[in-house]
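The residues making up each chain are set out below.
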Amino acid sequence: MLIPDSSWHANAERERLRRQFGILFPEPMLKERGNGPPSPAGSVTSAVAAEEPGIVVARGRHVHLRTFTPDDLEHLARWAADPALQRMVGSELLQLHRDVYENDPSFFEAVLTDTTQIVLIAMANEGFSQPIGFVRLFNIHQSEGYAGIETVVADFRAARRGYGVQASRLMGYYGVDTLGLRRLEAKAYEYNALSINTLKRNGFTHEGTLRKATLRDGRYWDIMIFGILRDEIDEQRRKDRYLIPLEGAEGDVIESP
């Protein structure tokens, strides 16, 4: 069990972000407690932002994403120990935390200094006191403009409400707007209908299949590969009913199918 770090301040967090992302994380994004200007994903209430650590990076109607902090290692350890989550998602991040670092706090520094990935914690705006999961961009190739994306929603109630769909979209918009990515890639096991449907709802195209590429439950299963391009992400954003408009009433949001 980690003891909350009472010395956690925005200045220290800002320095960590500079070390990890360098020019990939522009100065205007580095605001204390998420009280900066609205992101392209809208604005979360200041009350929510004031009650939690980290910096809010992307904000939607029901979900927002904030930066990864040392206190979140406790949540990662719990999620990594969940066999159902491991079977359905097979997160390499959780596996690394559990099996290689053995839940050691040094994992935070390892993630922080890995410039090929960005890990953001998914928070529900209302009804959930703890993080509901995380989203990460990994294998980031800045020069070619592509990266992998992984969304893990550990709270079943949040998953049933479609919060994984929303968190994934916010990370996609962040990747396009802040990192300048032009393509995202994702994988799903053939038996995970929820992940497959989430990717399709987010505009991903099934681009190929790695046949019998993973061993689960004593048999081999296909891994399905999905991709989405920048113009498809932009088109999705124009229809996205989960975004809060920067100006105007809530009713101005365009409903998506």
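Scroll up for the structure.
Residues numbered from 1 in each chain as written. Predicted model: local features only at pLDDT ≥ 70, side-chain atom pairs only at ≥ 80, totals over all residues. Heavy atoms only, no water.

## Quick look at the overall build of the chain
Right, so step 1: Within the chain one finds ten helices and eight strands.
Right, so step 2: Summarising the internal contacts of the chain: among those between residues at least 6 apart in sequence, 59% fall at separations of at least 24.
Right, so step 3: With the model as given, the accessible surface of the chain reaches about 12700 Å², and the carbon-plus-sulfur share is 51%. (Helix = DSSP H or I, 4+ residues; strand = E, 2+ residues; numbered from the N terminus. Contact = heavy atoms within 4.5 Å. Areas by Shrake-Rupley, 256 points an atom, 1.4 Å probe, with all protein chains shown as cover.)

## Overview of the sheet that holds strand 2 (residues 63-67)
Right, so step 1: Read across the sheet, eight strands follow the order 1-2-3-4-5-6-8-7 without closing on themselves; strand pairing throughout is mixed. Each of the sheet's edge strands pairs with one partner strand only, and the pair in question is strand 1 (56-59) and strand 7 (205-216). Neighbour-to-neighbour, the strand axes of the sheet open up by a mean angle of 25 degrees, direction not taken into account.
Right, so step 2: Summarising the sheet, strand 2 and strand 3 (residues 118-124) pair through five bridges and their orientation is antiparallel. If you follow V63 over to strand 3, its bridge partner there is A124. (Pairing = 2+ DSSP bridges. Axes fitted to C-alpha atoms, helices over the stretch in contact; angles between N-to-C directions.)

## Overview of the nonpolar core
Right, so step 1: Within the largest apolar cluster, 38 residues are counted, with the highest numbers of intra-cluster contacts made by L65, L137, I149, M171, L184 and F204.
Right, so step 2: With seven residues, helix 8 (residues 163-177) is the largest single contributor of residues to this core.
Right, so step 3: Residues contacting L65, with those up to four places away along its chain left out, are I55, V56, V57, A58, L120, I121, A122, V135, A167, L170 and M171.
Right, so step 4: Grouped together as the second largest cluster of nonpolar side chains are 18 residues, L93, F108, L112 and F134 included. (Core = buried A, V, L, I, M, F, W, Y, C linked by side-chain atoms within 4.5 Å. Buried < 20%, exposed > 50% of the residue type's maximum accessible area, 1.4 Å probe, protein only.)

## Thoughts on helix 10 (residues 230-239)
Right, so step 1: Within the sequence span of helix 10, burial applies to I233, Q236 and R237. Within helix 10, the buried residues cover an arc of 100 degrees as seen down the axis, which keeps them to one side. Exposed side chains of helix 10 directed beyond 90 degrees from the buried face belong to D231 and R238.
Right, so step 2: On the buried face of helix 10, the contacting elements are helix 8, strand 6 (183-189), helix 9 (193-201) and strand 8 (219-229). (Arc of directions from axis to C-beta.)

## Some details on the packing of helix 3 (residues 73-80) against helix 5 (residues 92-100)
Right, so step 1: Axis separation between helix 3 and helix 5 bottoms out at 9 Å; the angle between their running directions is 100 degrees. Compared by their axis directions, helix 3 and helix 5 come out roughly perpendicular. Counting all contacts with helix 3, which are made through L73, L76, A77, W79 and A80, the residues of helix 5 involved are L93, L94, H97 and R98. (Parallel < 35°, antiparallel > 145°, perpendicular 65-115°, else oblique.)

## Notes on the side chain of T214
Right, so step 1: Within the secondary structure, T214 sits in strand 7.
Right, so step 2: Exposure remark for T214: the relative accessible area of 9% places this residue in the buried category.
Right, so step 3: Engagement of the side chain of T214 in a polar contact is seen with the side chain of R216, the distance being 3.1 Å. (Polar contact = N/O pair within 3.5 Å; in protein donor to acceptor, adjacent residues only side chain to side chain.)

## A short note on the environment of A167
Right, so step 1: Checked against the element boundaries, A167 lands in helix 8.
Right, so step 2: Between the C-alpha atoms of A167 and I121, which are 46 residues apart in sequence, the distance is 9.3 Å.
Right, so step 3: Contact partners of A167, with chain neighbours within four places excluded, come to V63, L65, A122 and V135.

## Points about the pattern of salt bridges
Pairs may arise between side chains of opposite charge once their charged atoms sit close together.
Right, so step 1: Counted by the stated rule, this structure contains eleven salt bridges.
Right, so step 2: Ionic pairing is found between R169 and D240, a salt bridge with its closest N-O pair at 3.0 Å. Residue R169 is located in helix 8, and its partner D240 is located in the segment after helix 10; the two are separated by 71 residues in the primary sequence. Pair check on accessibility: R169 and D240 agree, each one buried.
Right, so step 3: Its salt-bridge partner being R183, residue E207 comes within 2.6 Å of it at the nearest N-O pair. Of the two residues, E207 sits in strand 7 while R183 sits in strand 6, which places them 24 residues apart along the sequence.
Right, so step 4: Its relative accessible area of 16% is what places R183 among the buried residues.
Right, so step 5: Counted as one network, the salt bridges with shared partners bring together D177, D234 and R237. (Salt bridge = Lys/Arg side-chain N within 4 Å of Asp/Glu carboxyl O.)

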